[in-house]
Amino acid sequence: MRKIDYHMHTHFSGDSEASPREHIEQAIRMGLDEICFTDHRDFDYPIDTFDLDTDAYFMELSALKNEYVDRIIIKIGVEVGLDMDHIDEINTFVAQCPFDYVIGSIHVIHHTEFYYGEFFKGKTKEEAHREFFEETLKCVQTFDCFNCLGHLDYIMRYGPYEDKRVEHELYQDIIDEILKTLIQKGKGIEVNTSGYALNKTCGFPNFDIVKRYKELGGTIITVGTDSHTSDRVGEHVEDVLKHYQDIGFDDVTTFTKRVKDN
Ligand code: HSO
Ligand code: ZN
Ligand code: ZN
Ligand code: ZN
C-alpha cells in the first residue's frame, strides 16, 4: 500500500498558519509517497471566513510540486464545505479550478456550525447526531463535485456531551444510505486521523464504517491527517493502512484532476 496524506491545511486556510514547504518536508521525513493539499473553502461559515485565494494557492503549490518532483508526489486539492444552501456557488467554484482531488465535508448546517457549538444548543446527542447524518445524506445525494466524503463522524468532536461517541447503530439505516449513495456515484471515503485524538485507536469514521463501505461494494478509500500544523503530517497513516489491508483493500486511491489514478 502506498503511504499518502490526502488531507492537509496550510496558511491558505482561514484556520491555519502552516507552511506548505514544512508540510512537504515532514511528509518526506515520514516516508510518504504522495500528499495532497486540501485547503478549506466554505461558503457560509459563521464567525470565521473560509475563502480561498485560488490563484495564489495554485501558484505557490505548483512551484513546490515542481521543486520536489524527484522526492515526493504532490497534488493540489481542496476541502469544500457541502452546504444545501449554496449548491450553485459550490458547484461553480469546484468546476472553475483544476483541483486534483476534492473532499466534500459537512461543517455547517443552515448557517449553524459545530466548532463553536451553536448547532448543539437545545439538542440531545441523538438529535444532533441524527440531524448530522440526515444532512450528510442529503449532501451526498445532491452534490457530484467531490471525490471523497470528508470525516464522517466529525460531529462527535464538538458535541458538548460527556460521552462523545457516535452510537452508529441508532443511525445505521441512514449511514448505509450514505455509503450506498457514495458507492453508486463512484465516490469514496477518507479515514481522517484527527479522530485518533478522541477515539485513540481509530479515526473519523471508525473501521466498522470502512468495513461496511467495503461490504456494500465500495472501493475508493483515502487517508488524511487534517493537519493544520506540520508536526501532524503523516500521523497515524500507517495504522490506518494496516487496517485497510486487514479489511481487504489492496491500495489507497489517488487522484489527478479529480480522476482516479488507479
Ligand atoms: N475548520 C476547522 C474548524 C474551525 N476552526 C472553525 C476554526 N474555525 C476544522 O478543520
Ligand atoms: Zn480547518
Ligand atoms: Zn473538515
Ligand atoms: Zn480539513
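Provided above is the structure to which this section pertains.
Predicted model only: the values in this text are computed from it and were never measured.

Caption draft 1: Quick look at a nonpolar patch on the surface. Together, Ile47, Tyr115 and Tyr116 give the surface a local cluster of nonpolar side chains, amounting to about 370 Å² of exposed area. If you trace the backbone, tyrosine 116 turns up in the loop between strand 6 (112-113) and helix 4 (125-142).

Caption draft 2: A look at the nonpolar core. In terms of nonpolar packing, the biggest core is built from 80 residues, with Ile35, Tyr57, Phe114, Phe133, Ile178 and Tyr244 touching the most fellow members. The element that contributes the greatest number of residues to this core is helix 4, accounting for 6 residues. Residues contacting phenylalanine 114, with those up to four places away along its chain left out, are Ile106, His107, Val108, Ile109, Phe119, Phe120, Phe132, Tyr154, Ile155 and Tyr158.

Caption draft 3: Region of the structure containing the layout of surface pockets. Estimates place the volume of the largest pocket at around 310 Å³. Lining the largest pocket are 20 residues, and of these Asp15, His40, Tyr115, Tyr158 and His228 sit closest to its centre. The residue makeup of the lining of the largest pocket, split by class, is 6 nonpolar, 7 polar and 7 charged. As for the second largest pocket, its lining consists of Asp153, Met156, Arg165, Val166, Glu167, His168, Glu169, Asn199, Cys202 and Asn206. Tallied by class, the residues present in the lining of the second largest pocket amount to 3 nonpolar, 3 polar and 4 charged.

Caption draft 4: Quick peek at helix 2 (residues 54-67). For helix 2, which comprises 14 residues, the first-to-last C-alpha distance of 20 Å matches the rise-based estimate of 20 Å (1.5 Å per residue) to within 8%. Taken together, the buried positions of helix 2 are occupied by Thr54, Tyr57, Phe58, Leu61 and Leu64. Mapping the buried residues of helix 2 onto a view down its axis gives an arc of 140°, with all of them on the same face. Helix 2 presents Asp55, Met59 and Asn66 as exposed residues on the side facing more than 90 degrees away from its buried surface. Next to the buried residues of helix 2 lie helix 1 (20-29), strand 2 (34-41), strand 3 (73-81) and helix 3 (87-96).

Caption draft 5: Local environment of the site of ligand 1. Near ligand 1 you find Asp15, His40, Tyr45, Asp48, Phe50, Tyr115, Tyr116, Tyr154 and His228, and these make up its full shell. Aspartate 15 is positioned with one of its side-chain polar atoms (N or O) 2.9 Å from a nitrogen atom of ligand 1. For ligand 1, a nitrogen atom lies 2.6 Å from a polar atom in the side chain of aspartate 48. Within the complex, the protein chains bury 92% of what would otherwise be the 290 Å² of accessible surface of ligand 1. A molecule is said to occupy a pocket when more than half its atoms come within 2 Å of that pocket's grid points, and by this definition ligand 1 occupies the largest pocket. Across the shell around ligand 1, the residue classes break down as 5 nonpolar, 2 polar and 2 charged.

Definitions and limits used
- Residues numbered from 1 in each chain as written.
- Chains lettered and ligands numbered in written order.
- Predicted model: local features only at pLDDT ≥ 70, side-chain atom pairs only at ≥ 80, totals over all residues.
- Heavy atoms only, no water.
- Patch = residues over 30% accessible without salt bridge, like charges linked within 9 Å, V, L, I, M, F, W, Y side chains within 5 Å.
- Areas by Shrake-Rupley, 256 points an atom, 1.4 Å probe, with all protein chains shown as cover.
- Salt bridge = Lys/Arg side-chain N within 4 Å of Asp/Glu carboxyl O.
- Helix = DSSP H or I, 4+ residues; strand = E, 2+ residues; numbered from the N terminus.
- Core = buried A, V, L, I, M, F, W, Y, C linked by side-chain atoms within 4.5 Å.
- Buried < 20%, exposed > 50% of the residue type's maximum accessible area, 1.4 Å probe, protein only.
- Contact = heavy atoms within 4.5 Å.
- 1 Å grid on protein atoms, 1.4 Å probe; cavity = no way out; pocket = protein on both sides within 12 Å on 5 of 7 lines; lining within 4 Å.
- Points joined across faces, edges and corners; volume = space filled by probe spheres on them.
- Nonpolar A, V, L, I, M, F, W, Y, C, P; charged D, E, K, R; others polar.
- Expected span 1.5 Å × (residues − 1).
- Arc of directions from axis to C-beta.
- Near = heavy atom within 4 Å.
- Polar contact = N/O pair within 3.5 Å; in protein donor to acceptor, adjacent residues only side chain to side chain.
- Sits in = over half its atoms within 2 Å of the grid points.

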